[in-house]
Amino acid sequence: MSRSDRTRVGGYGAAALCVVYGSMKLAQALGATVLADKDPLPPELHERLVARDPLFVASHWVLAGVAVVGVVVALATVRPWGAAVSRRLLLALAWAAGIFMIVRSVGVVGFGFVADALKLAGVVEVPAEHAALARELAWWDLLLWSPFFLLWGTCWTTAAVRLRRVR
């Protein structure tokens, strides 16, 4: 694989991960419970999510739509037709998505590697009645969601770096 082919992996990877995430959110919006109970939310929000509160159903629809936009933006960073889109706009969107996802995965916003490790180590206290749920969700976030967002953010930033160099 040539160097130019390897640099395209970021854009295609970001698009593929948008499809995965968007498909899951679309399935949840339509009533599926695919990983819905593994979302690392505070207990009161987690209960509303599992109970299919209308606000959460609406948020699934919105996130599925954002994922579709993400696919188009990610592909625009690597496909020839993307040259018709403002380079600055694509760069801003790719960098913003990448940085947001990496920050989320690291855990400075309450979820992610750091926050999960602190919860599991007992440094961050949770109400006793929700301790088991908090530990379970921290493990799911530590082993599934945080690596997923780290990979996704890395793909976005790789796409942004490639875009900056190519055009």
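Caption draft 1: Layout of the overall build of the chain. The helix and strand inventory of the chain stands at 7 helices and 0 strands. Ordered by position from the N terminus, the helices and strands of the chain form the series α-α-α-α-α-α-α. Once the C-alpha set of the chain is aligned to its principal axes, its extents read approximately 55 × 35 × 25 Å. The buried share of the chain, taken over its 167 residues, is 38%. Restricting to contacts in the chain with at least 6 residues of sequence separation, those with at least 24 account for 72%. Surface accessibility of the chain: about 9100 Å² in total, with carbon and sulfur atoms responsible for 71%. Mean positive and mean negative side-chain charge positions of the chain (17 and 11 charges, respectively) differ by 21 Å.

Caption draft 2: Geometry of the nonpolar core. In terms of nonpolar packing, the biggest core is built from 23 residues, with Tyr21, Phe148, Phe149, Trp152 and Trp156 touching the most fellow members. Sorting the residues of this core by element identifies helix H2 (9-29), helix H4 (54-76), helix H5 (87-106) and helix H7 (131-166) as the ones contributing at least two each. For this core, the element with the highest residue contribution is H7, accounting for 8 residues. With near-sequence residues (within four places) excluded, Trp156 lies in contact with Ala14, Cys18, Gly70, Val73, Ala74, Ala94, Ala97, Gly98 and Met101.

Caption draft 3: Inspection of the pattern of salt bridges at higher detail. All told, the structure shown has 5 salt bridges when counted by the stated rule. A salt bridge links Lys25 to Asp39, with the nearest nitrogen and oxygen atoms 4.0 Å apart. One end of the pair, Lys25, is in helix H2; the other, Asp39, is in the loop between H2 and helix H3 (43-50), and 14 residues separate them in sequence. Looking at Asp39, the relative accessible area reads 23%, which means it is partly exposed. In this structure, the salt-bridge partner of Asp53 is Arg48, at a minimum N-O distance of 3.3 Å. Judged by relative accessible area, Arg48 falls into the partly exposed class, the value being 33%. Residues joined in a network through salt bridges with shared partners are Asp37, Lys38 and Glu136.

Caption draft 4: Region of interest: unusual backbone geometry. We note that Arg52 has phi near 60°; this positive angle belongs to a residue other than glycine. In this structure, Arg52 sits in the loop between H3 and H4.

Caption draft 5: Seen up close, the confidence of the model for the chain. Across the chain, the average pLDDT comes to 90, with 95% of residues at or above 70. Within the chain, the lowest mean pLDDT, 64, falls on helix H1 (residues 3-7), and the highest, 96, falls on H4.

Caption draft 6: Main features of the packing of H2 against H7. Contact pair H2 / H7: the axes reach a minimum separation of 7 Å and the direction vectors enclose 140°. It follows from the interaxial angle that H2 and H7 lie oblique. For H2 against H7, the interelement crossing comes out left-handed. For the pair H2 and H7, the contacting residues are Gly10, Gly11, Gly13, Ala14, Leu17, Cys18, Val20, Tyr21 and Met24 in the first and Trp145, Phe148, Phe149, Leu151, Trp152, Cys155, Trp156, Thr158 and Ala159 in the second. A per-class count over the contact of H2 with H7 returns 14 nonpolar, 4 polar and no charged.

Criteria and cut-off values
- Residues numbered from 1 in each chain as written.
- Predicted model: local features only at pLDDT ≥ 70, side-chain atom pairs only at ≥ 80, totals over all residues.
- Heavy atoms only, no water.
- Helix = DSSP H or I, 4+ residues; strand = E, 2+ residues; numbered from the N terminus.
- Buried < 20%, exposed > 50% of the residue type's maximum accessible area, 1.4 Å probe, protein only.
- Contact = heavy atoms within 4.5 Å.
- Areas by Shrake-Rupley, 256 points an atom, 1.4 Å probe, with all protein chains shown as cover.
- Lys, Arg positive; Asp, Glu negative; His and termini not counted.
- Charge placed at Lys NZ, Arg CZ, Asp CG, Glu CD.
- Core = buried A, V, L, I, M, F, W, Y, C linked by side-chain atoms within 4.5 Å.
- Salt bridge = Lys/Arg side-chain N within 4 Å of Asp/Glu carboxyl O.
- pLDDT = per-residue confidence, 0-100.
- Axes fitted to C-alpha atoms, helices over the stretch in contact; angles between N-to-C directions.
- Parallel < 35°, antiparallel > 145°, perpendicular 65-115°, else oblique.
- Left-handed = near helix turned anticlockwise from the far one by under 90°.
- Nonpolar A, V, L, I, M, F, W, Y, C, P; charged D, E, K, R; others polar.

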